[in-house]
Amino acid sequence: MAQPNSGIGNVTANTGLVEMAMAYSRSRVLCAAARLGVADALGDEVRSVGFLAGKCQADADALYRLLRALASIGVTEETTPDHFRLTPFGKPLRRDVPQSAWPAVVFWADLLADSWTLLTECVRTGKSASQVRDPKLPSRWEQDPESGSIFRAVMGTAPAENYAPIAKAWDFSRAKVVADLGGGGGSLILAVLGLNPHLRGMLVDLESSVDAAKFRFADEDPSSRCDLIATDLMQSVPAGADVYMLKHVLHGRRDPEAITILKNCHEVIPQNGSLLIIEFILPPLVSHADPELEGRLMSDLNMLAVTGGRERSEREWRMLLEAAGFTLTRVCPVGGDNLMVRNVGILEAKPA
């Protein structure tokens, strides 16, 4: 969709910097629509504002104003005065459609945005939002009873083919058993198994995540070749694989915690085994504006505010691995145009 060019209010000239400062407006509009259930109330029909206000338990006039704003960004369409329908672009905001965007919208625009409001204090102190927040004020994460299921719906539940570029970027032909540690809904391990019929797999995560992933692992190939194992990686890593993968797990951890997980991997990996860390790799120098690099650096600040973790450069990954008894042997770029994986790299490590 087109980017806003006038923003909210006209109290100052809308320079590029001011436009950036006002960019939250779209996020808040989408969040309100998701939380009110506007898309589900519309469904496939043209609905009146009065009908929608009743379904969404909202003030009719205020909801009309929200619906007009949604129409201006292409989510809804006003067909006749006071009547709206959902556009194809807005359809994924429904909770009842395949590949619904509802969990991701709430995850980013509500649950995590709550931590970003404390970014100034996070930078001032070097601590996460949970550490600097007034303990008497609960976070949105704590207030929402669905936060855990929303997190699991966002993490690792994309179609397995979206992760095929990662599975193709490293040669699994000599491997026998591949363990995906912290693998969420199982997308990556299913992609690897799908492209390598000779492999067996292990999906390893916390019990709640493993339970949520079970519906994808019916008795059919390639899921029949994968064992689901519940464990806390901070406590132990299951033995039995010759390749261990960690995709977007360690960036959510502070260095001491990341080293603990890596040491747990070191305890069980065979001497000729491989550890694959699939993460963003930051450059040693940021010398100019770069939209793709911006995403990685915003992720770095997201880790600071939300988990206390960080994105790392190749040098920082090397130091982390060496502290846990591994040697970084090479870095494999992941190609393709898929936005989900285009900016990640595979850091291959071996036991030192």
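Below: a short report on this structure. (Residues numbered from 1 in each chain as written. Predicted model: local features only at pLDDT ≥ 70, side-chain atom pairs only at ≥ 80, totals over all residues. Heavy atoms only, no water.)

Observations concerning the overall build of the protein
Helices and strands together make up the secondary structure of the protein, namely 16 helices and 11 strands. Here the C-alpha radius of gyration of the protein, 22 Å, is about what a compact globule of 352 residues would show, namely 20 Å. For the protein, the spread of C-alpha atoms along the principal axes amounts to about 70 × 50 × 40 Å. Looking at the 352 residues of the protein, the share that counts as buried comes to 43%. Within the protein, counting contacts between residues at least 6 apart in sequence, those at least 24 apart form 67% of the total. Here the protein displays about 18,000 Å² of accessible surface, and carbon together with sulfur accounts for 54% of that area. Charged side chains in the protein number 36 positive and 43 negative. The centres of these two groups are separated by 2 Å. (Helix = DSSP H or I, 4+ residues; strand = E, 2+ residues; numbered from the N terminus. Rg over C-alpha atoms; globule rule 2.2 N^0.38 Å. Buried < 20%, exposed > 50% of the residue type's maximum accessible area, 1.4 Å probe, protein only. Contact = heavy atoms within 4.5 Å. Areas by Shrake-Rupley, 256 points an atom, 1.4 Å probe, with all protein chains shown as cover. Lys, Arg positive; Asp, Glu negative; His and termini not counted. Charge placed at Lys NZ, Arg CZ, Asp CG, Glu CD.)

Describing the packing of aromatic side chains
Tallying each qualifying case throughout the model produces 6 aromatic pairs. Considering the side-chain rings of Phe107 and Phe151, the 6.1 Å spacing of their centres and the 50° angle between planes classify their relative orientation as tilted. Placement of Phe107 in helix α6 (residues 102–116) and of Phe151 in helix α10 (residues 147–154) is noted, with a sequence separation of 44 residues between them. Summarising the aromatic geometry, the rings of Trp170 and Phe172 are spaced 4.9 Å apart at their centres and angled 75° between planes, so their arrangement reads as edge-to-face. Aromatic rings pair up to connect Phe107, Trp108, Trp141 and Phe151 into one cluster. (Phe/Tyr/Trp six-rings, centres within 6.5 Å; stacked < 30°, edge-to-face > 60°.)

Considerations on the nonpolar core
Of all hydrophobic cores here, the largest spans 29 residues; its most connected members are Ile166, Phe172, Val178, Ile189, Val243, Met245 and Ile346. Looking at this core, the elements with two or more residues in it are α11 (164–169), α12 (187–195), β7 (243–247), β8 (274–282) and β11 (344–351). With 6 residues, α12 is the single largest residue contributor to this core. Once residues within four sequence positions are removed from consideration, Ile346 is found in contact with Ile166, Ala169, Trp170, Leu276, Ile277, Ile278, Arg330, Val331, Cys332 and Val334. (Core = buried A, V, L, I, M, F, W, Y, C linked by side-chain atoms within 4.5 Å.)

A few points about unusual backbone geometry
A negative phi holds for most residues other than glycine; trans holds for most peptide bonds. Even without being a glycine, Asp82 presents a positive backbone phi close to 70°. Here Asp82 shows up in the loop between β2 (76–80) and β3 (83–86). The exposure class assigned to Asp82 is partly exposed, which follows from its relative accessible area of 39%. Non-glycine residue His248 carries a positive phi angle of around 45°.

A short note on helix α14 (residues 255–268)
The first and last C-alpha atoms of α14 sit 21 Å apart over 14 residues, in line with the 20 Å expected at 1.5 Å per residue. Every buried residue belonging to α14 is among Ala258, Ile259, Ile261, Leu262, Asn264 and Cys265, and all of these are buried. Each element contacted by the buried residues of α14 is listed here: β4 (177–181), β7, β8, β9 (312–313), α16 (314–323) and β10 (326–333). (Expected span 1.5 Å × (residues − 1).)

Notes on the environment of Ala323
Relative to the elements of secondary structure, Ala323 occurs in helix α16. Overall, Ala323 belongs to the partly exposed group, its relative accessible area being 41%. For Ala323 and Ser130, which are 193 residues apart along the polypeptide, the C-alpha to C-alpha distance reads 27 Å. For Ala323, the contacting residues outside a window of four places in its chain are Ile259 and Lys263.

A look at the packing of helix α2 (residues 24–36) against α6
At a closest axis distance of 9 Å, the pairing of α2 and α6 adopts a crossing angle of 120°. By the angle class used here, α2 and α6 are oblique. Here α2 and α6 pass one another in a crossing that is left-handed. Every residue of α6 that contacts α2 at Ser27, Arg28, Leu30, Cys31, Ala34 and Arg35 is listed here: Trp102, Val105, Val106, Ala109, Asp110, Leu111 and Ala113. Its residues placed into classes, the contact of α2 with α6 shows 9 nonpolar, 1 polar and 3 charged. (Axes fitted to C-alpha atoms, helices over the stretch in contact; angles between N-to-C directions. Parallel < 35°, antiparallel > 145°, perpendicular 65-115°, else oblique. Left-handed = near helix turned anticlockwise from the far one by under 90°. Nonpolar A, V, L, I, M, F, W, Y, C, P; charged D, E, K, R; others polar.)

Digging into the sheet that holds β2
Strands sit in the order β1-β3-β2 across an open sheet of 3 strands; the sheet is antiparallel. Strands at the two margins of the open sheet, each flanked by one partner only, are β1 (47–48) and β2. Taken together, the 4 bridges between β2 and β3 define a ladder with antiparallel strand orientation. Its bridge partner lying in β3, Thr76 is registered against Leu86. Sheet contacts for helix α5 (residues 60–72): β2 and β3; angle to β2, the most-contacted strand, approximately 110°. (Pairing = 2+ DSSP bridges.)

Re the pattern of salt bridges
Summed over all chains, the structure comprises 17 salt bridges. Between Glu121 and Arg124 there is a salt bridge, with the nearest N and O atoms lying 2.2 Å from each other. With Glu121 and Arg124 both in helix α7 (residues 119–125) and 3 residues apart, the pair spans about one turn of that helix. You can call Glu121 partly exposed: its relative accessible area is 32%. Several salt bridges converge on common partners, so that one network encompasses Arg35, Asp110, Arg140 and Asp144. (Salt bridge = Lys/Arg side-chain N within 4 Å of Asp/Glu carboxyl O.)

Describing the state of the cysteines
Considering all chains together, one arrives at 0 disulfides under this definition. No disulfide involves Cys56; its sulfur sits 14 Å from that of Cys31, the nearest cysteine. Taking the relative accessible area as the measure of exposure, Cys56 reaches 8% and is therefore buried. (Disulfide = S-S within 2.5 Å.)

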